[in-house]
Amino acid sequence: MTVIAARLSRAARLSRGRVAAAALGLALAGPAAAPAAAQASSAGGQGLSLGYDVYLGGLKVLEADLALDRSPERYSVLLDAELKGFPALFTDWWAEVRSTGRLGDDGRPIPDLHRVERPKDGTLKITEMIYDGEGGVDVRFIPEGSDDDGGVTDAERHGSLDPLSGVIALMNRLEQIGSCESGGPVALYDGRRRFDLVMERLGTRTLEPSGYSAYSGAAEHCRLQLRAISGAFKNEASRQFWRGGAAGDELRTFDIWLARPVEGAAPVPVRIQGESWRGMLIVHLTDIRTRRADVVLRPGDRG
């Protein structure tokens, strides 16, 4: 193998993990509005800690922990992701992503802050999205000039949600109306790219016991579609993934299954699956913990 080929092969392996991390964050996002007034549920004020394994093309490439805290008025989401498996032999890439905000009277998340920390070229890179509470968002990069906003205009990102705030929106919607139907496009912005998201309900499916997943049983099956509207893509792998593959149809589709692994807790994603030009992307829920009770489910446990 030539030096150039070796470098290209290494870049491809690294891009697998980075694309999978981005996919996990956006695939966990959901519809952004709920028609019913927000009410405290049995899980109100309760914290959930979720563990996920991410597979791309049959290889485990990522482990992620998602911590969710909600009260009737506020929410906080923290996603920690770390490269694993074969790609981790070549880099110790990781990312920490946090979103905080308040909940409107209709249950819609109103973000305050979205912050991403990750290493790049031996330096800690930080992206901060600061919201004004009226739909506006200011993007900052630390160190200054270390990245750019992808050319997304103020008008395009006005009223958008960050991906993790979409997790809260999806949980609230399922609790309030029992469906994942979005009723129309929802604007998502991750600091460099703007997407429209649409969710449709496909029915209820029984997930069989598996050595990969901590949950088995009935789950709400939903289809999530992301359409790239504007923004920049760092490399060809990222561009093809988010724009629907080599054909470039600009539509990325994921199937997502949601359920309540712990009685009284909020519905959460228990499986995510979607095609990519690098192979099938599959996300399995591997464990779940609540702070109210030390309930832990791991692969092979009954749902």
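What you see is a predicted model, and the numbers here were worked out from it, not measured in a lab.

Please clarify how the side chain of Ser230 should be interpreted in this entry.
Looking at where Ser230 falls in the secondary structure, it is placed in strand E10 (residues 217–231). Owing to a relative accessible area of 12%, Ser230 belongs among the buried residues under this scheme. Looking at Ser230, its side chain comes within polar contact range of the side chain of Glu156, at 3.1 Å. Excluding anything up to four places from it in sequence, Ser230 contacts Val152, Glu156, Arg192, Arg193 and Arg194.

What's the story with the packing of aromatic side chains in this structure? I'm lost.
Any pair of aromatic rings gets described here by the distance separating the centres and the angle formed by the planes. For the coordinates displayed, the defined rule picks out one aromatic pair. On the numbers, 5.6 Å between centres and 90 degrees between planes, the contact of Tyr55 with Tyr212 is edge-to-face. On the criterion of sequence distance, the pair formed by Tyr55 in strand E1 (residues 47–56) and Tyr212 in the loop between strand E9 (193–207) and E10 is long-range, its members being 157 residues apart. Residue classification places Tyr55 among the buried positions, given a relative accessible area of 17%.

What should I look at first to understand the pattern of salt bridges in this one?
Pairing between side chains becomes possible if they bear opposite charge and their charged atoms approach one another. Counting across every chain of the model gives twelve salt bridges. Here Asp154 and Arg157 are joined by a salt bridge, their closest N and O atoms 2.9 Å apart. Here the residue Asp154 and the residue Arg157 both occupy positions in helix H2 (residues 154–157), the gap between them amounting to three residues, near one helical turn. A relative accessible area of 54% means that Asp154 is categorised as exposed. The class for Arg157 is buried, based on a relative accessible area of 8%. Beyond isolated ion pairs, a larger network of salt bridges with shared partners links Asp53, Lys60 and Glu63.

Calculation notes
Residues numbered from 1 in each chain as written. Predicted model: local features only at pLDDT ≥ 70, side-chain atom pairs only at ≥ 80, totals over all residues. Heavy atoms only, no water. Helix = DSSP H or I, 4+ residues; strand = E, 2+ residues; numbered from the N terminus. Buried < 20%, exposed > 50% of the residue type's maximum accessible area, 1.4 Å probe, protein only. Polar contact = N/O pair within 3.5 Å; in protein donor to acceptor, adjacent residues only side chain to side chain. Contact = heavy atoms within 4.5 Å. Phe/Tyr/Trp six-rings, centres within 6.5 Å; stacked < 30°, edge-to-face > 60°. Salt bridge = Lys/Arg side-chain N within 4 Å of Asp/Glu carboxyl O.

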